[in-house]
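The primary structure of each chain is shown beneath.
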Amino acid sequence: MALFADVASLAEYLSGEPSRLKKRAAIAAALRSAHSAAPASNDAGLLALYIAGTPFAESDPRKLNAGGALLSSAIKAITGATDAALTTAYRRHGDMGAAAFDLWPLQATVTLTLSEVATTFAAMPFAKTTAVRGELVQRLLRRSSPLEAKYLLKLMLGDMRIGVKQSLVEEAIAAAASVEDGTQVLVKAVRHAVMLEADLSRATAMAFSGTLDQAMMRLFHPLGFMLASPVESPEEAVARFSSKPIDEAEEVRVEAFLEDKYDGMRAQIHCGESSRVAMYSRNKEEITESFPDLLEAFASVPASTGGLILDGEILGWDFATGRALPFAVMGQRIGRKRVQAELLRKIPAVFMVFDLLYSAGELQLDKPLKARRNALEAIVEQLGTLATSPIPIEDRTPPAQADLFSQLEPTAAEEEKFARLMLSPSRLVESAEEIDRAYAAARARANEGVMLKAANSHYQPGRRGLAWIKLKRELATLDVVITGAEFGHGRRAGILSDYTFAVCGPAFHQTGELLNVGKAYSGLTDAEIAELSAWAMAHTLEDQGHFRTVEPIRILEVAFNNIMRSERHASGFAMRFPRILRIRDDKPLEEIDTLDRVEEIYQSQVDKPVE
Ligand SMILES: Nc1ncnc2c1ncn2[C@@H]1O[C@H](COP(=O)(O)OP(=O)(O)OP(=O)(O)O)[C@@H](O)[C@H]1O
């Protein structure tokens, strides 16, 4: 039986080992020994999951629901530490697991097995009350040595910080299951199985039993989303696609699909296998319950499609003008667990589909975009009444904001026409000039800009490559994570309304390094501030009176006039006139902007001063 102590000591070693090769070898050795000690169990699979920093497989929607407050209470109960002692230890490391390590009582023997940890994790999502969940956590922690406690806590918080990504674990699985002078398991085969099954632990078992080729695609777990790289001009887009210098762009011809860039919520819809429908956001959360209108529409997708995975953008739609509603209006539908009928009527959601990831029992990712687009058009046509295609996109001036709601009251006859699936209009473009014209037209339709997608490109889940390019309004923004909150003044006294935020530092992937880059209080609505304030209270890591350090999980998109060098923040930069544009709960921490990006913006200003 493999022990959790094995995971803990491996994790400790990995956290101090800079070499990727050595890390991979160490993980592979641990997987091999877990497997050979108990080949019938899947201890090796659990080890793979835990070292990758995940308590459950990706295909498993369960959540531990063990946040900072629950875990710090457990630490205090077990160690007898006071609030002040825990705060001091936390301040020393900026990490709850490491803080617990300093305070933890020694344990004579280590007996906690991986399967016992898995059993407790499996019970936690079903705990009826926080007290029951706390009791389960404490029972596990009481049997832990300081090192086990450190990594159990980090695993439960989803914050391992040992410089290990899933891709490295996949490589280690392939190495572990390969036999010297015998069967070679290819990393590619492991990655493919993990993508289909969304389960590192199952893929580990398959690698050891030589059955990776039996991995089956299952619907109802999110695939990674393909992302786009930004460019500043049509010429730069053409230059990027053709790998030619920008001053030759006028002459160059490319083959790219162009679509409007809509400002909504990226989502993947899984449907058509049965009446089950699931929608996932970009950070792989299931969001189905926030969109009951889409759920109802997509439940009618017939089984004759063989199951579909569609990639697109959820938009609030103004059926009167045939245009998307501004993000600020549509944003009211995000994150709601129960959506009132009135909101559904005022802000109807549509799914603007632009890619096909799975159909007729087959993944479509490796087909070129041209072929995926043809297949998508055929499917949309087959779905008939569910879809309209193409959407009307005449160039009308956008309605004044104040009129939006009154225009949205549909008549019964209009309601019947409401089509919830729309096919994103797309056309092939060749030159910078064509892109320039399309960009102006997209902006006139009140969309953000345009997306360009190389016609022969494959769909690369989770990748931000050069196959997709976005050209949007030139407003400097950064996606940042809130690291602290401060009480406001006057009307906002007693409310945590002033937020300090950070970008990823160079050592983010090794140590979780975040570097503060600014502080802002303007831009959010009172309701948003009230929600963030309550959230910050509940997720305080360190209470310094007027200021609180909070768990770095809430992402903001912040606009600013320019970036200055500054001693005030750890990044060495500060934003001038920052304004919070929106809360980006759809974005995972790994995708926020980096110090490199801040430096790049700073440099571009130095080259071309901003007013
Ligand atoms: N036609 C479209 N094709 C692809 N993505 C689109 C389209 N229209 C809008 N989008 C949105 O643009 C995003 C791609 O831009 P990017 O990968 O840079 O995400 P981002 O960092 O959130 O960018 P942004 O802040 O510009 O939305 C997608 O995630 C999707 O939500």
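The paragraphs below set out a description of the structure included in this document. Model, not experiment: these values are computed from the prediction.

## Describing the overall build of the chain
Stage number 1. Each helix and strand counted, the chain has 23 helices and 22 strands in total.
Stage number 2. Over its C-alpha trace the chain gives a radius of gyration of 25 Å, about what one expects of a compact globule, namely 25 Å for 611 residues.
Stage number 3. With the C-alpha coordinates aligned to their principal axes, the bounding extent of the chain is approximately 75 × 65 × 55 Å.
Stage number 4. Taking the average place of the 69 positive charges on the side chains of the chain and the average place of its 81 negative ones, the gap between the two points comes to 3 Å.

## Some details on the packing of helix H4 (residues 68–79) against helix H8 (residues 130–142)
Stage number 1. Relative to each other, H4 and H8 sit at 50°, their axes nearing to 10 Å. In terms of orientation, H4 lies oblique with respect to H8. With respect to the hand of their crossing, H4 and H8 are arranged in right-handed fashion. Here Leu-70, Leu-71, Ala-74, Ala-77 and Ile-78 of H4 come into contact with H8, specifically with Thr-130, Arg-133, Gly-134, Val-137, Gln-138, Leu-141 and Arg-142.

## Thoughts on helix H2 (residues 20–37)
An α-helix turns once every 3.6 residues. As a result, residues three or four positions apart point the same way.
Stage number 1. End to end, H2 covers 26 Å across 18 residues, agreeing with the expected 26 Å (1.5 Å per residue, within 8%).
Stage number 2. Listed as buried for H2 are Lys-23, Ala-26, Ile-27, Ala-28, Ala-30, Leu-31 and Ala-34.
Stage number 3. Here the buried face of H2 lies against helix H1 (4–16), helix H3 (43–51), helix H10 (166–177) and helix H12 (200–209).
Stage number 4. For H2, the side-chain oxygen to backbone nitrogen distance between the N-cap and Leu-21 is 3.3 Å, and the N-cap itself is Ser-19.

## Section: the environment of Gly-512
Stage number 1. Structurally, Gly-512 can be placed in the loop between helix H21 (508–511) and strand E16 (514–520).
Stage number 2. It is 12 Å that separates the C-alpha atoms of Gly-512 and Thr-594, two residues lying 82 residues apart in sequence.
Stage number 3. Beyond its immediate chain neighbours, meaning those up to four positions away, Gly-512 contacts Arg-161 and Ala-507.

## Focus on the sheet that holds strand E12 (residues 449–454)
Stage number 1. With respect to topology, 5 strands assemble into an open sheet ordered E1-E13-E12-E2-E11, the strand pairing being mixed. The sheet terminates laterally at strand E1 (227–231) and strand E11 (427–429), the two strands that pair on one side only. If you compare each strand with its neighbour and ignore which way they point, the axes differ by 40° on average.
Stage number 2. Two elements, E1 and strand E13 (residues 464–472), share 4 bridges in a ladder whose sense is parallel. Residue pairing for E13: Ser-229 is matched across the bridge by Ile-469.
Stage number 3. Where helix H13 (residues 234–242) meets the sheet, it contacts E1, strand E2 (256–261), E12 and E13, and its direction lies at approximately 170° from that of E13.
Stage number 4. Sheet strands touched by helix H20 (residues 432–444): E2, E11, E12 and E13. Its angle to E12, the strand with the most contacts, is close to 140°.

## A few points about unusual backbone geometry
Apart from glycine, the bulk of residues carry a negative phi angle, and the bulk of peptide bonds sit in the trans form.
Stage number 1. Notably, Ala-198 is not glycine yet its phi reads approximately 50°, a positive angle.
Stage number 2. Its place among the elements puts Ala-198 in the loop between helix H11 (187–197) and H12.
Stage number 3. Even without being glycine, Ala-360 reaches a positive phi, approximately 50°.
Stage number 4. Relative to the helices and strands, Ala-360 resides in the loop between strand E7 (349–359) and strand E8 (362–363).

Cut-offs and rules
Residues numbered from 1 in each chain as written. Predicted model: local features only at pLDDT ≥ 70, side-chain atom pairs only at ≥ 80, totals over all residues. Heavy atoms only, no water. Helix = DSSP H or I, 4+ residues; strand = E, 2+ residues; numbered from the N terminus. Rg over C-alpha atoms; globule rule 2.2 N^0.38 Å. Lys, Arg positive; Asp, Glu negative; His and termini not counted. Charge placed at Lys NZ, Arg CZ, Asp CG, Glu CD. Axes fitted to C-alpha atoms, helices over the stretch in contact; angles between N-to-C directions. Parallel < 35°, antiparallel > 145°, perpendicular 65-115°, else oblique. Left-handed = near helix turned anticlockwise from the far one by under 90°. Contact = heavy atoms within 4.5 Å. Expected span 1.5 Å × (residues − 1). Buried < 20%, exposed > 50% of the residue type's maximum accessible area, 1.4 Å probe, protein only. Polar contact = N/O pair within 3.5 Å; in protein donor to acceptor, adjacent residues only side chain to side chain. Pairing = 2+ DSSP bridges.

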